[in-house]
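Each chain is listed here by its residues.
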Amino acid sequence: MYIRYSNYHTVMDVKIEASWKEVLQQEFTKPYFLQLVLHLKTERETGTIIYPPGSLIFNAFNKTPFDKIKVVILGQDPYHGPKQAMGLSFSVPDGITPPPSLVNIYKELNNDIGMPVSSTGNLTKWAEQGVLLLNAVLTVRANEPASHSKIGWMDFTNAVIKKISEEKKGVVFLLWGRFAQDKQVLIDETKHYVLKAAHPSPFSAYNGFFGCKHFSRTNELLINQGLDPVDWSL
């Protein structure tokens, strides 16, 4: 995304998939979003390393158009190590070792549906099937977890969740851990499905993530609506 200046006004062109651009157009004109972009621009100009790269900040939206959403998996903020963040919650690019939380997700997939534990951490295949892999915060400074949690991203992604809740129906929201579950108030549960469990982190996975069977339960809910189930294999 970038900001283009003139003598009279500021023009912002957010490079995001067309259906999302239409749905979120009002957010892009709000003062908080302008301040958010200025914050990122200022940090980059001072040499701060920010993840993911600019072209991948809206990767979750670009891989999962608004009209294709069937499932939402909510993460917290991007990985803060080199080459890890790719704009999809819990996902890392091919060639990067899957982080511990993702390893535990794979373990639950194996226990739940018998999926072999994958060596790749790239979840793009899920995103392309309608699984919105949304982090609540879309950027982070290198080696500083949660460093961008208070610059405006929460306002933006809360608006995203509200839009999904208001304008769609039958979406399955997977809320893992207290942080994600705090977003439950944004979801109209008379129209959508909410599945909750502990976070897949090694610190909490044994407190209710393992055994939650969210992957098979998600597919049952989709099939009951006449929708194609997600192929969770990678």
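In this text the structure is predicted, and so the values were computed from the model without any measurement.

Draft legend 1. Looking closely at the packing of aromatic side chains. Following the criterion strictly, the structure yields 20 aromatic pairs and no others. With 6.3 Å between their ring centres and 50° between their planes, W126 and F215 make a pair best called tilted. In this pair, W126 is assigned in helix α6 (residues 124-127) and F215 in helix α9 (residues 214-224), connecting sequence segments 89 residues apart. An identical accessibility class is assigned to W126 and F215; each is buried. Ring-pair connections join several aromatic residues into one group, and the members of that group are W20, F28, Y32, F33, F58, F61, F66, W153 and F156. Directly above the ring of F66 sits K168, whose terminal nitrogen or CZ lies 5.3 Å from the centroid.

Draft legend 2. Highlighting helix α5 (residues 100-113). For α5, spanning 14 residues, the distance from its first C-alpha to its last is 20 Å, which sits close to the expected 20 Å at 1.5 Å a residue. Taken together, the buried positions of α5 are occupied by S101, L102, N104, I105, Y106, E108, L109 and D112. Tucked into the core, α5 has its buried residues touching α6, β7 (172-176) and α9. Phi turns positive one or two residues past the end of α5, at G114, with a value near 80°.

Draft legend 3. The arrangement of the sheet that holds β7 in detail. With parallel pairing, four strands are arranged side by side in an open sheet as β5-β4-β7-β8. On the outer flanks of this sheet lie β5 (131-135) and β8 (193-197), each paired with one strand and no other. Averaged over all neighbouring strand pairs, the angle between strand axes comes to 20°, with direction disregarded. The sheet strands contacting helix α7 (residues 153-167) are β4 (71-75), β5 and β7, and the helix crosses β5 at an angle near 155°.

Reading guide: rules and limits
Per chain, the residues get numbers from 1 upward, laid out in the order the sequence is written. Residue-level local features of this predicted model are given only where pLDDT is at least 70; pairs of side-chain atoms are given and counted only at 80 or more, and the full residue set underlies all totals for whole chains, interfaces and linings. With hydrogens and water excluded, all non-hydrogen atoms of the structure serve as input to the side-chain values. Two aromatic rings, drawn from Phe, Tyr or Trp (for Trp, its six-membered ring), form a pair once their centres lie within 6.5 Å of each other, and the interplanar angle then sorts them: stacked below 30 degrees, edge-to-face above 60, tilted otherwise. Helix numbering and strand numbering both begin at the N terminus, where a helix is a DSSP run of H or I of at least 4 residues and a strand a DSSP run of E of at least 2. A simple rule labels every residue: compare its accessible area, found with a 1.4 Å probe on the protein chains alone, to the largest value its type can have, and call it buried under 20%, exposed over 50%, or partly exposed in between. Counted as over-ring charges are cases with an Arg CZ or a Lys NZ within 6 Å of the ring centre that also lie within 35 degrees of the ring normal. Every helix has an expected span of 1.5 Å times one less than the residues it contains. Residues are treated as being in contact if the distance between any of their heavy atoms lies within 4.5 Å. At least two bridges found by DSSP between two strands are what make those strands a pair. Note on method: axes are straight lines fitted to C-alpha atoms, helices fitted across the in-contact stretch only, with angles between N-to-C directions ranging 0 to 180 degrees.

Take it as geometry only, folks, not as evidence of what the structure does.
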